[in-house]
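Reading the structure
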Amino acid sequence: MLFINDLQRHNLVLKKEILALTEKVLDKGRFILGHEVKMFEKEFAQWCGTSECTSLANGTDALEFGLRALGITADDKVITAANAGGYSTTALLAIGAVPVYIDINPETLLISRKSLQQHLSSEIKAVIVTHLYGNCCPIDDFKEMLKPFNIPLVEDCAQAHGATFDNGTNTGNQGDIGCFSFYPTKNLGALGDGGAVTTNSAVIASSLRSLRQYGWEQKYQMTVTGGRNSRLDEFQAAILRLKLTKINDWNNARRAIANHYSREIKHSAIEVLPSSSGSVNHLFVIRVRKNREHLQQFLRENKILSEIHYPIADYRQPVLAEKYRSIQLPQTELACSEVLSIPCFPEMKENEISFVIETLNRWKG
Ligand SMILES: *Cc1c(COP(=O)(O)O)cnc(C)c1O
């Protein structure tokens, strides 16, 4: 079976180095907030081009604590997309804040400029933009639009480690905060859970360091509201430091696969989702105009796996559906019914890429 992202292949290449690092951490005997975490934070901030990075237990906590550090509290309204897997929704609901869903650009499936403009008001306390599938949002435009309202901008970079904007800068350093996940399938993935918030604000970083340890500013003194336990461990940090030295090559390999797909997939019922110029192609997504299930079945018969990212708009999720009954975002819903992710990971072989293309092109959909 060809997976959409073969983690075994991805990690076994590094087996020797990973085992050596594991032994090193074990021998040292410090497992939480030690040298590896400190160094990873420093190196990751540098790689993103920010002055600060605070590691956390996962990407959803990065969104939640990042929002809390920006001052978001219960009942605050926050704009977000509804086609990005529900993570921002989970973070907002944890705070008791209110997601305001806006529609996406039908070409890119990223938050639409027009929709954002329509929904901005003094009632909105933050905007979360997701660089979905590794593709970057038009960040300069968004920043310009938010400026008159003085609304903080949150970048969800969980699918876009190392992606670059049209202005040449990196994801994670253009918003007020950048929220990352190091879940194993991400472009920079740990061997367990992990997350981080990047920022150029020392105040926000300091607040995050309290929030991730029970709201402590000093040991055993709970001074910051909303704190919990959310930390990256030393094993994961050591592995992430190793992987950070390889990620640029991996991202380039993903780009090459995406280019190949974009050039050669030709089918009347399939459209290739365009990549932004500095995309890191976390997922390679096609839009299937009809019979998506049939295509998935056909691919499976040919030992190719595919997945839907994501099938349900956040506001249609059972936990929210009652409250958001009257909302309808046509482009979001169309995307949910058409998108399909096909195999794309750095270790994919040339013959595998060609086989996926050939199989798609001969589908009688
Ligand atoms: C994976 C992901 C997250 C959440 O990360 P976890 O580490 O799984 O909590 C957030 N946003 C997006 C867009 C993601 O893809």
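Residues numbered from 1 in each chain as written. Predicted model: local features only at pLDDT ≥ 70, side-chain atom pairs only at ≥ 80, totals over all residues. Heavy atoms only, no water.

This next bit is on the site of the ligand. The full set of residues close to the ligand is Asn58, Gly59, Thr60, Tyr87, Thr130, Asp156, Ala158, Gln159, Ser181, Lys186, Gly194 and Tyr310. A distance of 2.7 Å separates an oxygen atom of the ligand from a polar atom in the backbone of Gly59. The side chain of Gln159 places a nitrogen or oxygen atom 2.8 Å from an oxygen atom of the ligand. About the coverage of the ligand: the protein hides 93% of its 380 Å² of free accessible area. (Near = heavy atom within 4 Å. Polar contact = N/O pair within 3.5 Å; in protein donor to acceptor, adjacent residues only side chain to side chain. Areas by Shrake-Rupley, 256 points an atom, 1.4 Å probe, with all protein chains shown as cover.)

Attention now goes to the pattern of salt bridges. With the rule as written, the count across this model stands at 20 salt bridges. A salt bridge links Glu36 to Lys24, with the nearest nitrogen and oxygen atoms 3.4 Å apart. With Glu36 in helix 3 (residues 35–48) and Lys24 in helix 2 (residues 15–28), this pair connects stretches of sequence that are 12 residues apart. In this structure Glu36 comes out as buried when scored by relative accessible area, which is 4%. (Salt bridge = Lys/Arg side-chain N within 4 Å of Asp/Glu carboxyl O. Helix = DSSP H or I, 4+ residues; strand = E, 2+ residues; numbered from the N terminus. Buried < 20%, exposed > 50% of the residue type's maximum accessible area, 1.4 Å probe, protein only.)

Our focus in this paragraph is the sheet that holds strand 12 (residues 339–342). The strand order across the open sheet built from three strands is 10-11-12, with neighbouring strands paired in antiparallel fashion. In this open sheet, the two strands that pair with only one neighbour each are strand 10 (270–272) and strand 12. Strand after strand, the sheet turns through a mean of 35° between neighbouring axes, direction not considered. Pairing analysis gives four bridges linking strand 11 (residues 284–288) to strand 12, with the strands arranged antiparallel. Looking at strand 12, one finds that Ile286 is bridged to Leu340. Along the sheet face, helix 10 (residues 247–264) touches strand 10, strand 11 and strand 12 and points at about 25° away from the line of strand 11. Where helix 11 (residues 292–301) meets the sheet, its contacts fall on strand 10, strand 11 and strand 12, and the angle it forms with strand 12 comes to roughly 15°. (Pairing = 2+ DSSP bridges. Axes fitted to C-alpha atoms, helices over the stretch in contact; angles between N-to-C directions. Contact = heavy atoms within 4.5 Å.)

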